[in-house]
Amino acid sequence: MGKQGDIDFVKNLSNENRMHVINQPFSDHQCGRYFRDIGTILSLLPPPPAKLLDLGIGTGWTSCFYAMRGYDVTGQDISKDMISFANQNKIKYAVENLEFITSDYENMFFDNEYDCAVFHDSLHHSENEEAAILSVYKSLKKGGVLITAETAVGHANTPVSQESVKKYGVTERDMPVGLIVKAGKKAGFKDFKFYRRPVEPIEILSVFSFKGIVNFSKIILRELWFSNVMKTGHIVVMVK
Ligand SMILES: C[S@@+](CC[C@H](N)C(=O)[O-])C[C@H]1O[C@@H](n2cnc3c(N)ncnc32)[C@H](O)[C@@H]1O
């Protein structure tokens with residue numbers, strides 16, 4: 001595992017996998033989930049106009065969506081190849097208020113420039129989450145907001161993650177709420193809030209039958225069970 005694996009990731013992809021990456025989020029079976037994430041993140045961000053720093057963007061589709069919503073976006077990624085895909089997406093979505101840079105989010109040089117910042121599924125690729133979060137802290141203006149959307153504990157041990165590590169040498173770690181908050185507090189962030197990462201739609205009409213009442217009760221109990229909540233992944237919001 002290491003940064004070089006993330007830098008070289010695109011070069012090592014098969015043609016089929018490269019097309020899958022380029023066409024994200026539409027090519028992915030988790031597409032609906034990604035849209036739910038973006039909807040939730042947009043609800044938690046300060047409203048546009050605002051300057052937004054998007055971290056570890058991959059092909060930059062999130063940056064394009066934020067820009068279309070009206071944010072002035074800087075999208076960054078450690079991989080030059082990902083940034084070149086992101087620039088193609090910028091043309092595809094015809095957005096202007098958006099720039100992309102190749103850089104390491106653990107070592108950025110912005111100083112009090114951004115109103116908000118987002119790690120979407122990217123902080124668990126860090127080698128040092130404290131350096132990454134401190135770097136974002138320095139980039140934000142006073143009162144600026146950082147949002148992290150992260151996978152559930154156990155992510156690093158899933159077969160898909162293990163295969164990525166073995167095949168591409170990328171970094172895959174677990175990024176629990178506790179680790180994020182610890183790094184956030186150390187950097188100087190305050191006012192932490194926690195949200196469950198949005199789940200599949202829950203059908204409620206069936207509550208009007210006996211079976212429905214049983215199902216609905218099970219859902220309520222499941223929702224109240226914290227460890228289950230954490231299995232869906234989480235969103236943390238913190239303020240500088
Ligand atoms: C799982 S992808 C997520 C991409 C995108 N945020 C999304 O939701 O589709 C993780 C991304 O983080 C990037 N990354 C890993 N380490 C990084 C670092 N130190 N600095 C910047 N980007 C990094 C990788 O190159 C990769 O594109």
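Not measured: the values here are computed from a predicted model.

A.B. asks: Please clarify how unusual backbone geometry should be interpreted in this entry.
C.D. replies: Peptide bonds are mostly trans, and most non-glycine residues show a negative phi. Residue Pro-25 is reached from Gln-24 by a cis peptide bond, and omega for that bond is 5°. In this chain, Pro-48 is followed by Pro-49 through a cis amide linkage whose omega measures 5°. Mapping Pro-49 onto the fold places it in the loop between α3 (31-44) and β1 (51-55). The backbone phi angle of Ala-94 is positive, close to 50°, even though this residue is not glycine.

A.B. asks: Is there a simple way to think about the sheet that holds strand β7 (residues 234-239) in this case?
C.D. replies: Strand pairing in a sheet relies on backbone hydrogen bonds, with the paired strands running either antiparallel or parallel. Judged by pairing direction, the sheet is mixed, and its seven strands sit side by side in the order β3-β2-β1-β4-β5-β7-β6 without closing on themselves. The strands lining the two open edges of the sheet, one partner per strand, are β3 (98-102) and β6 (190-196). Strand-to-strand twist of the sheet, defined as the mean angle between neighbouring strand axes without regard to direction, takes the value 15°. Pairing of β1 with strand β2 (residues 72-77) involves five bridges; the strand directions are parallel. Bridge pairing in β2 links Leu-52 to Val-73. On top of the sheet, helix α6 (residues 129-139) reaches β1, β4 (114-120) and β5 (140-150); it is set at about 145° to β5, its chief contact.

A.B. asks: How should the site of the ligand be read in this particular structure?
C.D. replies: Not every one of the 19 residues close to the ligand is listed here, only the nearest: Gly-56, Gly-58, Ile-78, Tyr-105 and His-125. Counted by class, the shell around the ligand contains four nonpolar, nine polar and six charged residues.

A.B. asks: Even after reading the chapter, I still don't get the packing of α6 against helix α8 (residues 177-187), so can you show me in this structure?
C.D. replies: Describing two packed helices takes the angle between their axes plus the distance from one axis to the other. Contact geometry of α6 with α8 gives a least axis separation of 9 Å together with a crossing angle of 45°. By the criterion of interaxial angle, the relationship of α6 to α8 is oblique. Crossing of α6 against α8: the hand is right-handed. Facing α6, whose interface residues are Glu-129, Glu-130, Ile-133, Leu-134 and Tyr-137, α8 presents Leu-179, Ile-180, Ala-183, Gly-184, Lys-186 and Ala-187. For the contact of α6 with α8, the class distribution of residues is seven nonpolar, one polar and three charged.

Reading guide: rules and limits
Residues numbered from 1 in each chain as written. Predicted model: local features only at pLDDT ≥ 70, side-chain atom pairs only at ≥ 80, totals over all residues. Helix = DSSP H or I, 4+ residues; strand = E, 2+ residues; numbered from the N terminus. Pairing = 2+ DSSP bridges. Axes fitted to C-alpha atoms, helices over the stretch in contact; angles between N-to-C directions. Contact = placed C-beta atoms within 7 Å. Near = placed C-beta within 6 Å. Nonpolar A, V, L, I, M, F, W, Y, C, P; charged D, E, K, R; others polar. Parallel < 35°, antiparallel > 145°, perpendicular 65-115°, else oblique. Left-handed = near helix turned anticlockwise from the far one by under 90°.

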